[in-house]
Amino acid sequence: MSPPLITHIYTADPSAHVFDGKLYIYPSHDRETDIAFNDNGDQYDMVDYHVFSLDSLEYYASSSSSSAPAPLEPPKVTDHGVVLSAADVPWVSRQLWAPDAARRRGRYYLYFPARDAASVFRIGVASGPSPTGPFAADPEPIPGSFSIDPAAFVDPDGPDEPAYLYFGGLWGGQLQCYQRGNAPEHYDAAWLGAREPAGPGAAALCPKVARLADDMRSFAGPVRDLQILAPETGRPLAADDHDRRFFEAAWMHKRAGVYYFSYSTGDTHYLVYATGDNPLGPFTYAGRILEPVLGWTTHHSIVEFGGRWWLFHHDCELSGGVNHLRSVKVKEIFYDKDGKITTEKPS
Ligand code: FUB
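Residues numbered from 1 in each chain as written. Predicted model: local features only at pLDDT ≥ 70, side-chain atom pairs only at ≥ 80, totals over all residues. Heavy atoms only, no water.

Caption draft 1: Just the overall build of the protein, in detail. Of the regular secondary structure elements, the protein holds one helix and 20 strands. In terms of overall size, the protein behaves like a compact globule, its C-alpha atoms giving a radius of gyration of 19 Å where 347 residues would be expected to give roughly 20 Å. By principal-axis analysis of the C-alpha atoms, the protein measures approximately 55 × 50 × 45 Å. Burial analysis of the protein (347 residues in total) assigns 59% to the buried set. (Helix = DSSP H or I, 4+ residues; strand = E, 2+ residues; numbered from the N terminus. Rg over C-alpha atoms; globule rule 2.2 N^0.38 Å. Buried < 20%, exposed > 50% of the residue type's maximum accessible area, 1.4 Å probe, protein only.)

Right under this line is the structure:
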């Protein structure tokens, strides 16, 4: 098995970014709890975030892709300490889940989901002058935001580098509660127990996307459904297609002019992706990135660093299989000549 990158604390949901030649990881910080495992995810009871950085990933390069000998020692991973705590965010009641970060005009933004006082998930933003924080949170969640797992994407090629926020997660992430409309006021608690639509003819629920305003702290336009189509029909994926439908853990990257939207299928435990030519969709399902790892959740990010492409993800190997005590890992990934991602096995 490949070793976890971070072993002194439990970490999960890694969002990796390169800023000024250095690799930064923005993960969840898992902690011990007595809360029993349930499908609502109450056991993922996190209260703060750390940021990590490293200078090289060459130690983790696949031997088949290296012309130079790999370094003998793993790179030093620097823990920059706590950069944001739930106690410092007035609207948060509990559960700091998977975060992401972005940079615009020299300022850094940390996006994070958490439950508010009514136990409803919303998405917050905090900002600061450095990629390693500390970050000061806005006093309210991003207006119009809901559900979990924000992923920020700044399109390097668009005019004035447009930024987008992708988000959403089923079951405990409450995405199923917004079938009446893409806004907090449409929240319908009746769907909490039902978890998601099902049955013949039912379409899968879509992840959400909104353009970020220039201030990176509000939406510049409406929250939209991000359509994911089945390649064999050209129609939206079916709700019962649990091997391919969106569950949580959105990520966007762009390579050779193609937008890759990737995500977790949740209860079938795959990391999969869909491709498109517009960051707002539609996307067409294209395949698996990673087969199931040890543990219930799977979550990831994809980033180019040092001339290679890397998949950051997590598993529960370090905790011996405890679902809510996860550890971040990294793997080199590969694209074929048509831009298709080669499916990886856990290691
Ligand atoms: O870490 C808590 C939740 O578990 C995340 O928000 C999901 O993506 C899953 O990894």
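Still to come is the rest of the account.
Caption draft 2: Spotlight on the pairing of strand 16 (residues 271-276). With five of its six residues buried, strand 16 lies for the most part within the structure. Here strand 15 (residues 258-264) pairs with strand 16 via six bridges, running antiparallel. Bridging across to strand 16, Phe 261 finds its partner in Ala 274. Taking the residues between adjacent antiparallel strands as the criterion, strand 15 and strand 16 are bridged by six residues, where Gly 266 takes a positive phi near 65 degrees. With five bridges connecting them, strand 16 and strand 17 (residues 283-290) associate as antiparallel partners. Its bridge partner being in strand 17, Tyr 273 is matched across the sheet by Gly 287. In this structure, the hairpin formed by strand 16 and strand 17 is closed by a connection of six residues, where Gly 281 is found at a positive phi of approximately 90 degrees. (Pairing = 2+ DSSP bridges.)

Caption draft 3: The environment of Val 18, seen in detail. By the element assignment, Val 18 lies in strand 1 (residues 10-19). Residue class for Val 18 comes out partly exposed when judged on its relative accessible area of 30%. For the pair formed by Val 18 and Asp 55, sequence separation is 37 residues and the distance between their alpha carbons is 9.9 Å. Leaving out residues up to four positions away in the same chain, Val 18 has contacts with Leu 23, Val 303, Glu 304 and Phe 305. (Contact = heavy atoms within 4.5 Å.)

Caption draft 4: Representation of the sheet that holds strand 5 (residues 100-104) in the model. The strand order across the open sheet formed by four strands is 5-6-7-8, and the pairing between neighbours is antiparallel. The sheet is open, and its two borders are formed by strand 5 and strand 8 (136-137), each paired with just one other strand. Inspection of the sheet shows strand 5 paired to strand 6 (residues 107-115) by five bridges, in the antiparallel sense. Paired with Ala 101 across the bridge in strand 6 is Leu 110.

Caption draft 5: View of the site of the ligand. Around the ligand lies a shell formed by Asp 13, Ser 28, Met 46, Trp 97, Ala 98, Asp 149, Glu 248, Thr 297, His 299, His 314 and Arg 326. Within the side chain of Asp 13, one N or O atom sits 2.5 Å away from an oxygen atom of the ligand. Between the ligand and Ala 98, the relevant distance is 3.5 Å, taken from an oxygen atom to a main-chain nitrogen or oxygen of the residue. Coverage of the ligand by the protein amounts to 99% of the 280 Å² it exposes when considered alone. Looking at the shell around the ligand residue by residue, the classes come out as three nonpolar, four polar and four charged. (Near = heavy atom within 4 Å. Polar contact = N/O pair within 3.5 Å; in protein donor to acceptor, adjacent residues only side chain to side chain. Areas by Shrake-Rupley, 256 points an atom, 1.4 Å probe, with all protein chains shown as cover. Nonpolar A, V, L, I, M, F, W, Y, C, P; charged D, E, K, R; others polar.)

Caption draft 6: The sheet that holds strand 16, seen in detail. Strand order across the open sheet formed by five strands is 13-17-16-15-14, with mixed pairing between neighbours. Looking along the sheet, the strands with just one partner apiece sit at the ends: strand 13 (228-229) and strand 14 (248-255).

Caption draft 7: Seen up close, the side chain of Arg 326. Among the structural elements, Arg 326 can be located in the loop between strand 19 (308-315) and strand 20 (327-333). In terms of polar contacts, Arg 326 uses its side chain to reach the side chain of Thr 297, at 3.0 Å. In contact with Arg 326, other than residues within four places in its own chain, are Tyr 10, Thr 11, Ala 12, Asp 13, Asp 30, Tyr 44, Met 46, Thr 297, His 314, Asp 315 and Cys 316.

Caption draft 8: Structural detail: the packing of aromatic side chains. By the definition in use, this model includes 24 aromatic pairs. Between Phe 153 and Tyr 259, the aromatic rings sit 6.1 Å apart at their centres with planes inclined by 85 degrees, giving edge-to-face as the arrangement. Pair noted here: Phe 153 is in strand 9 (residues 151-154) and Tyr 259 is in strand 15, with a separation of 106 residues, a long-range link. Neither Phe 153 nor Tyr 259 differs from the other in exposure class; each is buried. Through pairs of rings, three or more aromatic residues link up here, namely Tyr 164, Tyr 166, Phe 246, Phe 261, Tyr 263 and Phe 283. Above the ring of Trp 171, the side-chain terminus of Arg 195 is found at 3.8 Å from the ring centroid. The ring of Tyr 285 has Arg 244 sitting right over it, with the charged end atom 5.3 Å from the ring centre. (Phe/Tyr/Trp six-rings, centres within 6.5 Å; stacked < 30°, edge-to-face > 60°. Lys NZ or Arg CZ within 6 Å of the ring centre and 35° of its normal.)

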